[in-house]
Amino acid sequence: MTLHAIWLTTIVAIIVVPLNVAFGIAAAWAVAKHKFPGRGLLVTAIEIPFSISPIIAGICYLLLYGRQGLLGPWLQANDRQVMFAMPGIVLVTMFVTAPFVAREVLPLMQAQGTEQEQAAVTLGANGWQIFTRVTLPNIKWALLYGAVLCTARAVGEFGGVSVVSGNIRGQTNTLPLHVELLFNVLNAVGAFAAASTLTLIAIVALVVKAFLEGRKAG
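All residue numbers refer to positions counted from 1 along the written sequence of the respective chain. For this predicted model, a pLDDT threshold of at least 70 governs which residues receive local features, and a threshold of 80 or more governs which side-chain atom pairs are given and counted, while totals over whole chains, interfaces and linings are taken from all residues. Where side-chain values are given, they derive from all heavy atoms of the structure, hydrogens and water being excluded.

Colleague: Please clarify how the overall build of the chain should be interpreted in this entry.
Modeller: Only runs of H or I of at least four residues qualify as helices and only runs of E of at least two qualify as strands under DSSP, and these elements are numbered from the N terminus. Counting secondary structure elements, the chain contains 11 helices and 0 strands. Element order for the chain, N to C, with α for helix and β for strand: α-α-α-α-α-α-α-α-α-α-α. Counting across all 218 residues of the chain, residues that qualify as buried make up 38%. A sequence separation of at least 24 residues applies to 70% of the contacts in the chain between residues at least 6 apart. Each residue's exposure class comes from its accessible area (1.4 Å probe, protein chains only) as a fraction of the maximum for that residue type: buried when under 20%, exposed when over 50%, partly exposed otherwise. Should any heavy atoms of two residues lie within 4.5 Å, those residues are counted as being in contact.

Here is the structure:
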């Protein structure tokens, strides 16, 4: 059971982190490099997951995708299951961890301005070349730093996942939920082992975080 929880947690992180990296880069690029109506609204939207409890986020997803939710009848009619399954876990984890990459990359992009990109345009570079050869090298350490924070939070997320997963043993219980489950059935040894795995992941994340902070400062 513990192996399944580790596997499920790993798969969720593998799905969520690249998606949030892509979202973070796109959102930061839009805010820092362009001026458009609703720019402030986008910045506010990025901050929303920091402002509300993950449990509230889980309940919102339940009201939207649950059997009695807004999209519940359509999902049932099409034999789709979001809540109490992998899709629900991924969705709520994506929401909770969405700001981490964007908030790390955005200040750096804003401080750098658009001069280098404009110079690249005058030299005939296309959009992809500008991003890969100008923008990305300038933000790579902040991007990696945000990805580490996003990974650590995705692996350790409890509140939102506990609502949307149903905590079904051997099916939808991630590692943090598995720790609680083992503790509730008085399996102290198993709970300690699972918690130790989470602690090890956290330590690795802290070491990588410290390393990247040093590279950013350098």
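Colleague: Could you clarify how one ought to interpret the packing of aromatic side chains in this entry?
Modeller: The relation between two aromatic rings is expressed through the spacing of the ring centres and the mutual angle of the planes. Note on ring pairs: Phe, Tyr and Trp rings are taken, using the six-membered ring of Trp, and paired if centres are within 6.5 Å. Classes follow the plane angle, with under 30 degrees stacked, over 60 edge-to-face and the rest tilted. Under the defined criterion, the tally for this structure stands at 6 aromatic pairs. Residues Tyr61 and Tyr65 carry aromatic rings whose centres are separated by 6.0 Å and whose planes lie at 15 degrees to one another, so their mutual orientation is stacked. Pair noted here: Tyr61 and Tyr65 are both in helix 3 (residues 54–65), with a separation of 4 residues, about one helical turn. Residue class for Tyr61 comes out buried when judged on its relative accessible area of 16%. Ring plane angle 40 degrees and centroid distance 6.0 Å describe the contact between Trp128 and Phe131, whose orientation is recorded as tilted. A residue pair is termed a helical-turn pair when its members lie 3 or 4 positions apart in one helix, as Trp128 and Phe131 do in helix 8 (residues 127–156) at 3 residues. The exposure class assigned to Trp128 is exposed, which follows from its relative accessible area of 61%. Its relative accessible area of 17% is what places Phe131 among the buried residues. An aromatic cluster of at least three residues, connected via ring pairs, comprises Trp29, Trp128 and Phe131.

Colleague: Explanation requested: the pattern of salt bridges in the structure shown.
Modeller: Between side chains of opposite charge, a pair can form as their charged atoms come close. The rule for a salt bridge is simple: a side-chain nitrogen of Lys or Arg has to be within 4 Å of a carboxyl oxygen of Asp or Glu. For the coordinates displayed, the defined rule picks out 3 salt bridges. For Lys33, the salt bridge is made with Glu117, and the minimal N-O distance between the two is 3.2 Å. You can see Lys33 sitting in helix 1 (residues 2–33) and its partner Glu117 sitting in helix 7 (residues 115–122), a full 84 residues away along the chain. Neither Lys33 nor Glu117 differs from the other in exposure class; each is buried. For the salt bridge of Arg153 with Glu157, the shortest nitrogen-to-oxygen distance reads 3.0 Å.

Colleague: In this structure, what is going on with helix 10 (residues 175–184)? I would like to understand it.
Modeller: One turn of an α-helix holds 3.6 residues; hence residues three or four places apart share an orientation. Of all 10 residues making up helix 10, 7 are buried, and the element is well covered by its neighbours. The set of residues buried in helix 10 consists of Leu175, Pro176, Leu177, His178, Val179, Leu181 and Leu182. Leu186 occupies a position one or two residues after helix 10 and carries a positive phi of about 65 degrees.

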